[in-house]
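Inside the fold
Residue strings, one per chain:
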Amino acid sequence: MSRSVLVTGGNRGIGLAIARAFAEAGDKVAITYRSGEPPQELTALGVLAVRCDITDSEQVEQAYKEVEDKHGAVEVLVANAGITKDTLLMRMSEEDFASVVDTNLTGTFRVVKRANRGMLRAKKGRVVLISSVVGLLGAGGQSNYAASKAALVGFARSLARELGSRNITFNVVAPGFVDTDMTKVLTDEQRAAIVAQVPLARYAQPEEIAAAVSFLASDDAAYITGAVIPVDGGLGMGH
Ligand code: NAD
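Residues numbered from 1 in each chain as written. Predicted model: local features only at pLDDT ≥ 70, side-chain atom pairs only at ≥ 80, totals over all residues. Heavy atoms only, no water.

1. Regarding the UniProt feature "domain: Ketoreductase" (unreviewed entry) in the protein
Under the feature "domain: Ketoreductase" (unreviewed entry), the UniProt entry names residues 3–181. Span residues 3–181 is 49% helix and 18% strand, its end C-alpha atoms 29 Å apart. (UniProt positions renumbered as here; feature names shortened; annotations may be inferred. Helix = DSSP H or I, 4+ residues; strand = E, 2+ residues; numbered from the N terminus.)

2. Considerations on the sheet that holds strand β2 (residues 28–33)
The strands that make up a sheet pair up through hydrogen bonds in the backbone, lying either parallel or antiparallel. One open sheet accounts for seven strands, arranged β3-β2-β1-β4-β5-β6-β7; its pairing is parallel. The open sheet terminates on both sides in strands that have one partner only, identified here as β3 (48–51) and β7 (228–231). Here the strands of the sheet are splayed against their neighbours by 20° on average, with no regard to which way each runs. With six bridges connecting them, strand β5 (residues 125–130) and strand β6 (residues 168–175) associate as parallel partners. Bridge pairing links V127 to F170 in β6. Relative to the sheet, helix α6 (residues 143–163) contacts β5, β6 and β7, its axis offset from that of β6 by approximately 160°. (Pairing = 2+ DSSP bridges. Axes fitted to C-alpha atoms, helices over the stretch in contact; angles between N-to-C directions. Contact = heavy atoms within 4.5 Å.)

3. With respect to the packing of aromatic side chains
Within this structure, the stated rule accounts for one aromatic pair. Their ring planes at 50° and their centres at 6.0 Å tell us that F177 and Y203 sit as a pair that is tilted. Of the two residues, F177 is situated in the loop between β6 and α7 (181–184) and Y203 in the loop between α8 (188–197) and α9 (206–216); the sequence distance between them amounts to 26 residues. Residue Y203 is classed as buried on the basis of its relative accessible area, which comes to 7%. In this structure, R191 packs its charged tip against the face of Y203, placed 4.2 Å from the ring centre. (Phe/Tyr/Trp six-rings, centres within 6.5 Å; stacked < 30°, edge-to-face > 60°. Buried < 20%, exposed > 50% of the residue type's maximum accessible area, 1.4 Å probe, protein only. Lys NZ or Arg CZ within 6 Å of the ring centre and 35° of its normal.)

4. A short note on the environment of V67
Assignment of secondary structure puts V67 in helix α3 (residues 57–71). Note: C-alpha distance between V67 and I31 (36 residues apart in sequence) is 9.0 Å. Once you skip the residues sitting within four places of it in the chain, V67 turns out to touch S4, L6, A30, L48, V50, G72 and V74.

5. Remarks on the side chain of R126
Along the chain, R126 turns up in strand β5. No salt bridge is formed by the buried R126; its nearest oppositely charged neighbour, D219, is found at 4.7 Å. At 3.3 Å, the side chain of R126 forms a polar contact with the backbone oxygen of A217. In contact with R126, other than residues within four places in its own chain, are E75, V76, L77, M119, T169, L216, A217, S218, D219, A221 and A222. (Lys, Arg positive; Asp, Glu negative; His and termini not counted. Salt bridge = Lys/Arg side-chain N within 4 Å of Asp/Glu carboxyl O. Polar contact = N/O pair within 3.5 Å; in protein donor to acceptor, adjacent residues only side chain to side chain.)

6. Observations concerning the pattern of salt bridges
What the rule picks out here adds up to 15 salt bridges. Across the pair E66 and K70 runs a salt bridge whose closest N-O atoms are separated by 3.6 Å. Note that E66 and K70 are positioned in helix α3 at a spacing of four residues, about one turn of the helix. What makes E66 partly exposed here is its relative accessible area of 30%. A salt bridge links E208 to R202; the shortest N-O distance between them is 2.8 Å. Classification of R202 by relative accessible area gives partly exposed; the value is 41%. What you see here is one network of salt bridges that share partners, running through E61, K65, E68, R114 and R117.

7. Focus on the packing of helix α4 (residues 94–122) against α6
One can describe the packing of α4 onto α6 by two numbers: an axis separation of 8 Å at closest approach and a directional angle of 20°. Taken as axis vectors, α4 and α6 run roughly parallel relative to one another. Both α4 and α6 take part in a crossing whose hand is right-handed. Here D96, F97, V100, V101, N104, L105, T108, F109, V112, N116 and L120 of α4 lie close against α6, whose contacting residues are S143, N144, Y145, A147, S148, K149, A151, L152, F155, L159 and L163. Among the residues forming the contact of α4 with α6, the class breakdown is 14 nonpolar, six polar and two charged. (Parallel < 35°, antiparallel > 145°, perpendicular 65-115°, else oblique. Left-handed = near helix turned anticlockwise from the far one by under 90°. Nonpolar A, V, L, I, M, F, W, Y, C, P; charged D, E, K, R; others polar.)

8. Digging into the site of the ligand
If you check the shell around the ligand, you find 28 residues, and the closest are N11, R12, N80, Y145 and T180. In this structure, N11 approaches the ligand through a side-chain N or O atom, which is 2.5 Å from an oxygen atom. A distance of 3.5 Å separates an oxygen atom of the ligand from a polar backbone atom of G176. Bound to the protein, the ligand loses 97% of the 820 Å² it would expose on its own. Under a 2 Å grid-point criterion requiring more than half of the atoms, the pocket assigned to the ligand is the largest pocket. Mapped by element, the contributors of at least two residues to the shell around the ligand are α1 (13–24), α6 and α7. The leading source of residues in the shell around the ligand is α7, at three residues. In terms of residue class, the shell around the ligand is made up of 11 nonpolar, 12 polar and five charged. (Near = heavy atom within 4 Å. Areas by Shrake-Rupley, 256 points an atom, 1.4 Å probe, with all protein chains shown as cover. 1 Å grid on protein atoms, 1.4 Å probe; cavity = no way out; pocket = protein on both sides within 12 Å on 5 of 7 lines; lining within 4 Å. Sits in = over half its atoms within 2 Å of the grid points.)

Structure, rendered in structure tokens:
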């Protein structure tokens, strides 16, 4: 199988592991990156790297044109790009709130809407949104992030209903704490406190999130839509 796969924010962390997994399985993979240079490893794997800020609809349109030109219409979309701007509500500016929502939620809307065009035409498609256990559990100091990640569940489930008859599935993966740049900012004490709450008593590796995403995009998951799959070591159990 050599599908046209697009992973947003695929230049590092979880997105990079997802891109690597699809490329190693033989798919035609494109990633978006926002700044800097994409890692050389991706070029070696034949992954197409396209610069794109998902807060800008024009850049999203240009990125899709380039991907479609080189790989054909996107058949599998993984909306992974996301940011945090953590602070307590009393210190949270409107900009802190709006920019996180604009990236994590509205940015996801922009890339999903654009992918939908080709998926409708092809009468098939797989969309996987990367949420977070924090969207289900909540976390002090992360109300903006948690709100944006919880919203992805309502977004995916609405689209699962809207477009299920068109053979397009929409699923959400909710990772727990994963070893990436995003969590490197945490202090040793914060890390220890988190691990103490995780039944599996460790962080996830990005490859463990990629495995769930690959499954949701596979033929074996053809009858799964509107699901929220936790990959969190048990942290969010019951939510
Ligand atoms: P990361 O910071 O290493 O990577 C985030 C990626 O998103 C980067 O490639 C970045 O360039 C991209 N990005 C951010 N803003 C963008 C924008 N405006 N336009 C285009 N790209 C943009 O983080 P990560 O840990 O790999 O996180 C990947 C996803 O997984 C995020 O959505 C994050 O919220 C989610 N997540 C992470 C964890 C964790 O513990 N690391 C846990 C749960 C969920």
